[in-house]
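Examining the three-dimensional arrangement
Spelled out, the chains give:
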Amino acid sequence: MDHFGYRQDQLHAEEVPLATIAERVGTPCYVYSRATLERHYRVFDDAFGDWPHHICFSVKANGNLAVLQVLERLGAGFDIVSMGELDRVLASGGRASDVVFSGVGKSSDEIARALRAGVRILSIESGQELDRVNAAALAANTKAPIAFRINPDVDPKTHPYIATGLRENKFGVSAADALGLYRKADAMAGIEVAGIGCHIGSQLTEVDPFCDALEKVLDLVEALAQNGITLQHLDLGGGVGIRYSDETPPDPKDYVQAMLAILKRRNCDLSVTLEPGRAIAGNAGILLSRVEYLKPGPSKDFVIVDAAMNDLLRPALYQAWHEVVAVDRRRNCEMRECDIVGPVCETGDFIARDRQLAVAPGDLVAVRSVGAYGFVMASNYNARPRPAEVMVDGDQLYVVRQREQTADLFSTETLLP
Ligand SMILES: *Cc1c(COP(=O)(O)O)cnc(C)c1O
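Bear in mind that the values here come from a model prediction, so they are computed numbers and not experimental data.

Next up on the list: the domain arrangement of the protein chain. What the domain assignment lists for the protein chain is domain 1 (4–32 + 282–409) and domain 2 (103–274). Using only C-alpha atoms to locate each centre, domain 1 and domain 2 end up separated by 36 Å. Every contact between the two is made by 10 residues of domain 1 and, on the other side, eight residues of domain 2. Carbon and sulfur atoms supply 59% of the area buried between domain 1 and domain 2, which totals about 740 Å² over both sides. When residues of domain 1 are sorted by the area they lose upon contact with domain 2, N283, Y318 and W321 head the list and together hold 52% of the total. For the interface between domain 1 and domain 2, the tally reads zero salt bridges.

Next up, the structure:
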């Protein structure tokens, strides 16, 4: 469910026509719907009832300050993977004490900074990282609250680049190593053992892998208890998928209820943290772009638009499928079979392939479901300034990020003397 829909054949974001946004802000431009973000957050939050829980939005999915602010006001915490993301959370009004710090390669500086800031928990992914966190905590005269991220070795059945919970992936510690690591951590003066977690992948469309992962993590929770190590938090990561075309991902409510049913059956009453990114932001954003040219080809036609792979990388990186629609459905032009491509000098620069679209040069198109892993992956390839970002709230529109200027692109470069 999202709040992008047609009224009198004109695509709107909530109550604002996308054509109005294009006129005011230009294209390409990301447009987010506040009501959609809020709705998706609440579905997760409400599903827990009175079970103690934290919904920590995954900042890497969409780090725009206004997006974080909207979620923060609903009570969200945040899952971060870098100090840049911590700075974003703080700049948006969030608190470090609501932050989970994940990531397989935290630097010493990042660990020290996270401890100073007072993050709620550091998710640890290796024995060497444990040593580093302990040393940093001792140097800062404090105790680091930690959880180990378990790699439960389950197949999330998703794109290989976003599968993270298989034995061969770089993430987490194996169940076999976990007990020894917890024992070691429990004896360290700089470590406070607080929790356990996993995150098995992204864009999961089935509940079963989540269930399998949870059962394996709970086996460990029980083994730890038998060894006198009790935990407070259970972090199940993110990963709930969304509908891009005809996928049938679990409803977040059903997903949460499936998790709670397992916890109850196994008499586990730990507080639960979730780290959804895509399921909250994915369908809350579109990319608005203008058609530059129609270029007939010998085997198919090309619709050349002003958005490119530098603005939206997912099609090129993951062969991701995004729906592309005409903003004005009244336009009376010929439906053509086409690839929708950008101006970047790469054959991999496509937004969508083999589509039916009725548009003419100058028309607006909307690329749907790009609110997660959209702008955050934008680059300046081909010296293209990154697009503007707009938040719509009812009948109001706010430019929450100005369009980059080309001078911004080389402002930190210098010529030789
Ligand atoms: C990427 C990531 C998430 C968010 O994943 P989604 O599929 O967007 O929900 C959560 N936790 C960790 C540790 C991640 O790396």
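Picking up where we left off.
In this section: the site of the ligand. Neighbouring residues of the ligand: 14 residues in total, closest K60, S202, E275, R278 and Y373. Within the contact set of the ligand, an oxygen atom lies 2.7 Å away from a side-chain nitrogen or oxygen of K60. Contact distances for the ligand include 2.8 Å between an oxygen atom and a backbone N or O atom of R278. Burial of the ligand by the protein chains amounts to 94% of its free accessible area of 390 Å².

Another aspect to go through is the sheet that holds strand β3 (residues 16–17). Read across the sheet, three strands follow the order β1-β2-β3 without closing on themselves; strand pairing throughout is antiparallel. The sheet is open, and its two borders are formed by β1 (4–7) and β3, each paired with just one other strand.

Criteria and cut-off values
- Residues numbered from 1 in each chain as written.
- Predicted model: local features only at pLDDT ≥ 70, side-chain atom pairs only at ≥ 80, totals over all residues.
- Heavy atoms only, no water.
- Domains from an automatic or database assignment.
- Contact = heavy atoms within 4.5 Å.
- Buried area = accessible area lost by both parts, 1.4 Å probe.
- Salt bridge = Lys/Arg side-chain N within 4 Å of Asp/Glu carboxyl O.
- Near = heavy atom within 4 Å.
- Polar contact = N/O pair within 3.5 Å; in protein donor to acceptor, adjacent residues only side chain to side chain.
- Areas by Shrake-Rupley, 256 points an atom, 1.4 Å probe, with all protein chains shown as cover.
- Pairing = 2+ DSSP bridges.
- Helix = DSSP H or I, 4+ residues; strand = E, 2+ residues; numbered from the N terminus.

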